[in-house]
Amino acid sequence: MKTVIYWFSGTGNSFHLAKAMQEGLDDVEMIPVVKALDDDIEPSKRIGLVFPVYAWGPPAIVAKFIAKLPSDIPEYLFAAATYGGDPGSTMAITRGMLKRRGLVMNASFAVKMVENYPPMGGPPAEEKQRKINGAAETEIAQIINRIREGASGDFVKKNLFFSLIGSMVYPIFRRALSTKSGSKFYADEKCSLCGICARICPVQNVRLLEGEKPTWGNRCEQCFACFHWCPEKAVQTGRKTVDMVRYHHPETSLNDLILRQE
Ligand SMILES: Cc1cc2nc3c(=O)[nH]c(=O)nc-3n(C[C@H](O)[C@H](O)[C@H](O)COP(=O)(O)O)c2cc1C
Ligand code: SF4
Ligand code: SF4
């Protein structure tokens, strides 16, 4: 039976997870959440949601997508998140969102991958990145097996502290996102005007006029794709990011994200 996986990803971790699922399961269609939002969403028998953890909850754009899901109950619905530190309340919040649509989340999963959030210190050095992503492969294989078996349950390790913090911080993060997001980004003198930041932005929030440096609008999802994929490391947010490590999943290419979401 066909599985439709709806995915969202800024630096390719969640895309890598969704792609591994497509390769490891039979008959999987991958649809970017940003595209699905523009189309009618067909009911499916098996549905997967794959996305990164933002402030211990799902990205706002994923929440928007869930609110648009048809209420026909699928035979199997799972959510799988990638995170850098702790998934906290992500799956509880996602389960609640689905419930409000009359949908049941049959299984939930989370995989620790490389942290990409500059305010939390950003990504570690390359050697540590390799270790983290290497360990993630074992978890990904387990998740795929469980999905293949149609396993039910919450397979995410619990940390009570982050679950509690998350349930308090997530609404604050979402409120801040709706009022002032995107305003802190700028391109510094290293900018070569290549246009990648504008093309990679999943919500067209980066504007590049001919011969001018890019500018950021106010509908940012905080995915940090523009920041991490800039080949010149010219995208900054505040003053502390100039020397910060840039990251994308080593098996996800720029085109994997750009071409599929355009
Ligand atoms: C805005 C934002 C908020 C984040 N919040 C969390 C968090 O609360 N907990 C966590 O473990 N990781 C957090 N992260 C890290 C990402 O969840 C992690 O790096 C994820 O694998 C990125 O996936 P992607 O490459 O598919 O975008 C955050 C990242 C961003 C950009
Ligand atoms: S990706 Fe970087 S170098 Fe290219 S236009 Fe954007 S800021 Fe400039
Ligand atoms: S402006 Fe940058 S951080 Fe914001 S949604 Fe676009 S790519 Fe992501």
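Residues numbered from 1 in each chain as written. Chains lettered and ligands numbered in written order. Predicted model: local features only at pLDDT ≥ 70, side-chain atom pairs only at ≥ 80, totals over all residues. Heavy atoms only, no water.

1. Quick word on the sheet that holds strand β3 (residues 46–52)
With parallel pairing, six strands are arranged side by side in an open sheet as β2-β1-β3-β4-β5-β6. In this open sheet, the two strands that pair with only one neighbour each are β2 (28–32) and β6 (153–154). Pairing between β3 and strand β4 (residues 76–83): seven bridges, direction parallel. Each residue of the ladder has a partner; that of Pro 52, found in β4, is Thr 82. (Pairing = 2+ DSSP bridges. Helix = DSSP H or I, 4+ residues; strand = E, 2+ residues; numbered from the N terminus.)

2. Some words on the environment of Met 30
Structurally, Met 30 can be placed in strand β2. Distance from Met 30 to Ile 41, taken between C-alpha atoms, is 13 Å for residues eleven residues apart in sequence.

3. Points about the site of ligand 3
Surveying the vicinity of ligand 3 reveals 14 residues, the closest of which are Cys 201, Cys 220, Cys 223, Phe 224 and Cys 226. Considering only residue class, the shell around ligand 3 consists of eleven nonpolar, two polar and one charged. (Near = heavy atom within 4 Å. Nonpolar A, V, L, I, M, F, W, Y, C, P; charged D, E, K, R; others polar.)

4. Digging into the packing of aromatic side chains
Summed over all chains, the structure comprises eleven aromatic pairs. Their ring planes at 25° and their centres at 5.9 Å tell us that Trp 56 and Phe 162 sit as a pair that is stacked. Here Trp 56 is found in the loop between β3 and α3 (60–66), whereas its partner Phe 162 is found in helix α6 (residues 160–180), with 106 residues between them in sequence. Of the aromatic side chains, those joined through ring pairs into one cluster are Tyr 117, Phe 185, Trp 216, Phe 224 and Phe 227. Across from the ring centre of Phe 227, 3.9 Å away, lies the NZ or CZ of Arg 246, which sits over that ring. (Phe/Tyr/Trp six-rings, centres within 6.5 Å; stacked < 30°, edge-to-face > 60°. Lys NZ or Arg CZ within 6 Å of the ring centre and 35° of its normal.)

5. Overview of a negative patch on the surface
A surface patch of negative charge is lined by Asp 38, Asp 39, Asp 40 and Glu 42. By the element assignment, Glu 42 lies in the loop between α2 (33–36) and β3. (Patch = residues over 30% accessible without salt bridge, like charges linked within 9 Å, V, L, I, M, F, W, Y side chains within 5 Å. Areas by Shrake-Rupley, 256 points an atom, 1.4 Å probe, with all protein chains shown as cover. Salt bridge = Lys/Arg side-chain N within 4 Å of Asp/Glu carboxyl O. Lys, Arg positive; Asp, Glu negative; His and termini not counted. Charge placed at Lys NZ, Arg CZ, Asp CG, Glu CD.)

6. Quick word on the layout of surface pockets
A volume near 920 Å³ is recorded for the largest pocket. If you trace the largest pocket, you find 44 residues lining it, with Tyr 117, Pro 119, Phe 173, Gln 222 and Phe 224 closest to the centre. If you list the elements that add at least two residues to the lining of the largest pocket, you get α1 (13–24), β4 and α6. Per-class residue counts for the lining of the largest pocket are 21 nonpolar, 17 polar and six charged. Both domain 1 (3–173) and domain 2 (182–261) contribute no fewer than three residues apiece to the lining of the largest pocket. Size it by volume and the second largest pocket reaches roughly 360 Å³. Ile 61, Lys 64, Val 203, Arg 219 and Glu 221 are, among the 19 residues lining the second largest pocket, the residues nearest its centre. (1 Å grid on protein atoms, 1.4 Å probe; cavity = no way out; pocket = protein on both sides within 12 Å on 5 of 7 lines; lining within 4 Å. Points joined across faces, edges and corners; volume = space filled by probe spheres on them. Domains from an automatic or database assignment.)

7. Observations concerning the environment of Met 21
Position of Met 21 among the secondary structure elements: in helix α1. Here the alpha-carbon distance between Met 21 and Gly 102, two residues 81 residues apart in the chain, equals 26 Å. Setting aside chain neighbours within four positions, we find Met 21 in contact with Ile 5, Val 28, Val 50, Phe 78, Ala 80, Ile 143, Ile 144 and Ile 147. (Contact = heavy atoms within 4.5 Å.)

8. Re the domain arrangement of the chain
Along its sequence, the chain is organised into domain 1 (3–173) and domain 2 (182–261). For domain 1 and domain 2, the distance between their C-alpha centroids amounts to 23 Å. If you look at the interface, domain 1 gives 31 residues, while domain 2 gives 23 residues. For the pair domain 1 and domain 2, the summed buried surface comes to about 2,200 Å²; carbon and sulfur atoms form 66% of the total. The largest per-residue losses of area from domain 1 upon contact with domain 2 belong to Thr 11, Phe 15 and Pro 118, which jointly make up 23% of the total buried on that side. Across the domain 1-domain 2 interface, the total number found is zero salt bridges. Applying the counting criterion to the domain 1 and domain 2 interface returns seven residue pairs in polar contact (both at pLDDT 80 or more). (Buried area = accessible area lost by both parts, 1.4 Å probe. Polar contact = N/O pair within 3.5 Å; in protein donor to acceptor, adjacent residues only side chain to side chain.)

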